[in-house]
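# Tertiary structure, described
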Amino acid sequence: MTPSISIDCLTASQRQAVLHKDGPLLVLAGPGSGKTRVITCRIAQLIDSGVRPWNICAITFTNKAAEEMRLRVERSTPASGVYLSTFHSLCVWILRRYPEEAQVKANFSIFDAGDQQRCMKEAIKDSKLEAASFSPARMLEYVSRLKNELEDVEDFESRAHDYFTKNAAQVYRRYQKILKLNNALDFDDLLVRTAFLLRDHPEVRQSLSHRFHYLLIDEYQDTNRAQYQIAKGIALAHHNICVTGDPDQAIYRWRGADIGNILAFEKDWPETVVVKLEENFRSTPNILGKADQLIAFNTRRKQKKLIATRPAGQDIEIQTCDDENAEARYVAEQAQAMIEKKIDPNEIAVFYRVNSMSRAIEEAFVQRQLPYQVVRGIEFYARKEVRDLLSYLKLMANPEDNVAFDRAIGTHSRGIGKTSIERLEEFARIQGISLLSAALRAEQVETINRPTRLRLKEFAQMIAQFQQKVQGPTAPLMEEVFTASGLAGAFGSDEDAIENIDSLISAAAAYDRRVEQPNLTDYLQMVSLYSDSDAYDSSSGRVSLMSLHAAKGLEFDHVFIVGLEDGVLPHERSIEAGPEDMEEERRLLFVGMTRARKTLGISYARHRVIRGQFIRSTPSQFLYEIGFAGESRAVQSEQWDSGSDQYMYEPQDVPSVKTSIPYRVDELVEHSKFGMGRIKEILDLGEDSIVVVKFLSGNTKSLMLKYANLRKVGVKEQ
DNA sequence: CCATCAGCTTTTTTT
DNA sequence: AAGCTGATGG
């Protein structure tokens, strides 16, 4: 057989990683080091050397990454069947394969953040705790942390001694009980249950090791304890575990990711071969140098080189803006100029720390009619009409899902009110049955008035009717449920809603075509694991707007990072939390910066509206760490209703060049693009005078005075 | 039972 | 700014 892949064009280190065969392998891959390519080649190489594709399990961080890797693998080797997905999807797959051992029913619901909140509220209410110190958000975070540490209810109860932990233990117990009653698992449970399944069942471990003889895990620096245990469980029998990652790109500590997993890999697997990929094939040395300079401020890290291989390009631009609208205008204008220069919008991206910051940018793009996409996958599935329709389907797939029942019955008025539902819940609780079963026996619920009992029964029977058809393709099912449930009627003339439902059904139809045996449970579990970054379309022909977290793993020619302010990036919460979280914020910016191939524009605003409050802000400390020399001339906000043009710019800022030159050699000046510098030379040519300025960035530039817009440093703006 | 509105809180990041 | 809760009136 002729080798189907070419490794000739790989570097020595890359080749070493690709050709490594059995035993543990740790690939420490810096940004832009061709890591994805190495993994792909390695999979193809394994297949070429006789490993059967289905014996390979490759885990990526997002579904999108898995999808793309599948395409790449199938392009480099004719064989297919590699198990390729995320940790969460793998867990669903495992749990459904071993339901008895894992003590789950295969049709379990996966509860998203909203569902979790609902359950947590109920758990807190049942525990009769005061809301102030036991808010749902806080308790969810707390419970999630316990789960990430693989601490189950019993473990935690046994070490809970003070007031808070004792109550927290009670809430944890009730919360888990509610999930169980709903036949539901939350995101953390997927991992925890799988980890426990592997811990407690050697035969399952063995069978999985047999099935997955080679395990590859990407973004290993962002795995948590449960994921670590799962990986270990699968690989223990054969040690064929290859992990890739970069401790400097760890950005998920807050959700339990343990950077120690990658740092201690060599201790876990003593015969580990370590390959470092330090060359960077992505960014210009200008960008890479600054990124390196930034990350060097982190103390808790493994020293690593970033070796640039690209030719020099433009320097990073740091732009001061008056407020978030001015900042948005700056980005939009730059993007517009690029697009007019025939730069592909697909190659432009804007990153921000929090999703709410997309708003101002979007407005500026809309105003200039620039094409953009906001990468936020769950947004679509969070729409009311979509959630409404899905709640019927969830209820059909899992009749015990009371959260889905609640939502489905309340999608539109059908003469069943809050009190009736409460009474039904009471009845269900006493009988120990689900809401749907209770509704089927509504005539027995004497506390509810007679006509409402009838309506409840009618609803339950309708669902029962639907349930007859759960098997098979999902799209026709959706179509039918949408009309028969009365939802279609309720949305009536809402064209947006109808359009969204249409896209939902089209997506379901695509799923039906894609998989061999489409089925509702499978579809719903897949949809639940759909993530933000999955919505990224690399050929949309639009500029991409996304959070810094969503930017992980992507790359663009031109990148803008906005909101480099104290309190935004680094985020206020992280500043409060201490140095470890501050280092993670720094890594987050590092990740953002290293996405850029050719140009990088960073901006901050002197004022910003946060949660409806006008806040005055100062530049992020990270700006100073990458050599920011102080405020340059700010982009002003556009004034629409008040004042005329003359108030938009500050005229005293424009140096007069008509008379003699207002500068002297050695004077400190500031340039809007190049920052602070010192005048080295002045050529008095009247109108066309030239000044030579050595900027703090190290560059020396000759500038036409009349165009340079220099500003004297130390001259205060009001 | 249901729609509406005033008043209140709101921890970023995501699977 | 936006979403949620509880109160009010039809």
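Here goes a summary of the coordinates provided. Since the model is a prediction, treat every value here as computed from it, not as a measurement. (Residues numbered from 1 in each chain as written. Chains lettered and ligands numbered in written order. Predicted model: local features only at pLDDT ≥ 70, side-chain atom pairs only at ≥ 80, totals over all residues. Heavy atoms only, no water.)

## Side note on the overall build of chain A
When helices and strands are counted, chain A shows 31 helices and 23 strands. Across the 718 residues of chain A, 53% fall into the buried class. In the structure as shown, chain A presents an accessible area of about 33,300 Å², 49% of it carried by carbon and sulfur atoms. (Helix = DSSP H or I, 4+ residues; strand = E, 2+ residues; numbered from the N terminus. Buried < 20%, exposed > 50% of the residue type's maximum accessible area, 1.4 Å probe, protein only. Areas by Shrake-Rupley, 256 points an atom, 1.4 Å probe, with all protein chains shown as cover.)

## Quick look at the sheet that holds strand β2 (residues 56–60)
An order of β3-β2-β6-β7-β1-β8 is seen for the six strands of this open sheet, with the pairing classed as parallel. This sheet does not close on itself; its edge strands, each paired only once, are β3 (83–86) and β8 (273–277). With strand direction ignored, the average angle separating the axes of adjacent strands in the sheet is 15 degrees. Relative to strand β7 (residues 241–245), strand β1 (residues 25–29) is paired through four bridges, and the arrangement is parallel. Among the inter-strand pairings, Val27 is bridged to a residue of β7, identified as Thr244. The sheet contacts of helix α1 (residues 12–19) involve β1 and β8, and relative to β8 the element is tilted by about 140 degrees. (Pairing = 2+ DSSP bridges. Axes fitted to C-alpha atoms, helices over the stretch in contact; angles between N-to-C directions. Contact = heavy atoms within 4.5 Å.)

## Describing the layout of surface pockets
Empty space within the second largest pocket amounts to approximately 1,700 Å³. Contributing to the lining of the second largest pocket are 38 residues, with Tyr511, Arg514, Val515, Asp522 and Met526 lying nearest its centre. Secondary structure elements with two or more residues in the lining of the second largest pocket: α3 (63–76), β3, α4 (87–97), α26 (495–514) and α27 (520–528). Residue classes in the lining of the second largest pocket are distributed as 19 nonpolar, eight polar and 11 charged. (1 Å grid on protein atoms, 1.4 Å probe; cavity = no way out; pocket = protein on both sides within 12 Å on 5 of 7 lines; lining within 4 Å. Points joined across faces, edges and corners; volume = space filled by probe spheres on them. Nonpolar A, V, L, I, M, F, W, Y, C, P; charged D, E, K, R; others polar.)

## Considering the protein's contact with DNA strand B
Contacts to DNA strand B come from 25 residues, most closely from Arg353, Gly415, Thr419, Ser420 and Arg573. Of everything in DNA strand B that lies within 4 Å of the protein, sugar and phosphate atoms constitute 53%. The contact in question runs from a phosphate oxygen of DNA strand B to an N or O atom on the side chain of Ser547, over 2.9 Å. One of the side-chain N or O atoms of Arg611 is found 2.7 Å from a phosphate oxygen in DNA strand B. Considering only residue class, the surface near DNA strand B consists of five nonpolar, 12 polar and eight charged. (Near = heavy atom within 4 Å. Polar contact = N/O pair within 3.5 Å; in protein donor to acceptor, adjacent residues only side chain to side chain.)

## Here's the deal with the sheet that holds strand β16 (residues 596–605)
For sheets, the rule is that strands pair by backbone hydrogen bonds, running either parallel or antiparallel. Read across the open sheet, the six strands follow the order β11-β16-β15-β12-β14-β13; overall the sheet is parallel. Every interior strand has two partners, whereas the edge strands, β11 (317–321) and β13 (372–374), have only one. For this sheet, the mean angle separating the axes of adjacent strands, direction not counted, is 20 degrees. Pairing analysis gives three bridges linking β13 to strand β14 (residues 543–547), with the strands arranged parallel. Residue Gln373 lies in a different strand from β14, and its bridge partner there is Ser544.

## With respect to empty space enclosed by the protein
Counted under the stated rule, the structure contains six cavities of 30 Å³ or more. Residue lining of the largest cavity: 14 residues in total, with Phe108, Ser109, Ile110, Lys394 and Leu524 positioned closest to the centre. Counting residues per element, the ones that place at least two in the lining of the largest cavity are β4 (109–111), α19 (384–397) and α27. At four residues, the largest contribution of residues to the lining of the largest cavity is made by α27. When the residues that make up the lining of the largest cavity are grouped by side-chain class, the tally is five nonpolar, six polar and three charged. There is about 50 Å³ of room inside the second largest cavity. Lining the second largest cavity are Leu28, Asp246, Pro247, Asp248, Lys276, Lys302, Gln303 and Lys304. A breakdown of the residues in the lining of the second largest cavity according to their chemical character gives two nonpolar, one polar and five charged.

## Topic: the pairing of strand β12 (residues 348–352)
Burial of β12 is extensive: five of the five residues sit out of reach of the surface. By the alternation rule, side chains of β12 split into Ile348, Val350 and Tyr352 and Ala349 and Phe351, which are all buried. Where β12 lies against strand β15 (residues 556–561), four bridges are found, and the strand directions are parallel. Within β15, the position partnered with Ala349 by the bridge is Val559. As paired elements, β12 and β14 share four bridges and run parallel to each other. When the sheet's bridge partners are listed, Ala349 is paired in β14 with Ser544.

## A closer look at a positive patch on the surface
Residues Lys125, Lys177, Lys418 and Arg429 make up a contiguous surface patch of positive charge. Looking at the element boundaries, Arg429 is found in helix α21 (residues 418–431). A relative accessible area of 56% places Arg429 in the exposed class. (Patch = residues over 30% accessible without salt bridge, like charges linked within 9 Å, V, L, I, M, F, W, Y side chains within 5 Å. Salt bridge = Lys/Arg side-chain N within 4 Å of Asp/Glu carboxyl O. Lys, Arg positive; Asp, Glu negative; His and termini not counted. Charge placed at Lys NZ, Arg CZ, Asp CG, Glu CD.)

## Some remarks on the protein's contact with DNA strand C
Looking at DNA strand C, the residues that line it are Lys121, Arg359 and Arg611. One nitrogen or oxygen atom from the side chain of Lys121 is found 3.4 Å from a phosphate oxygen belonging to DNA strand C.

## Topic: the pattern of salt bridges
Applying the stated rule across the entire model yields 42 salt bridges. Close ionic contact of Lys105 with Glu400 constitutes a salt bridge, the shortest N to O distance being 2.8 Å. Placement of Lys105 in the loop between α5 (99–102) and β4 and of Glu400 in the loop between α19 and α20 (402–409) is noted, with a sequence separation of 295 residues between them. On the accessibility criterion, Lys105 (42% relative accessible area) is partly exposed. Residue Glu400 is classed as partly exposed on the basis of its relative accessible area, which comes to 24%. The residue Arg173 makes a salt bridge to Glu154 at a minimum N-O spacing of 3.5 Å. One end of the pair, Arg173, is in helix α9 (residues 163–181); the other, Glu154, is in helix α8 (residues 153–159), and 19 residues separate them in sequence. For Arg173, a relative accessible area of 37% translates into the label partly exposed.

## With respect to the side chain of Asp401
Tracing the chain through its elements places Asp401 in the loop between α19 and α20. One buried charged residue, Asp401, remains without a salt bridge, the closest side chain of opposite sign being Lys394 at 5.9 Å. Here Ala404 takes part through its backbone nitrogen, which lies 2.9 Å from a polar atom of the side chain of Asp401. For Asp401, the contacting residues outside a window of four places in its chain are Ser109, Phe111, Asn182, Lys394 and Leu395.

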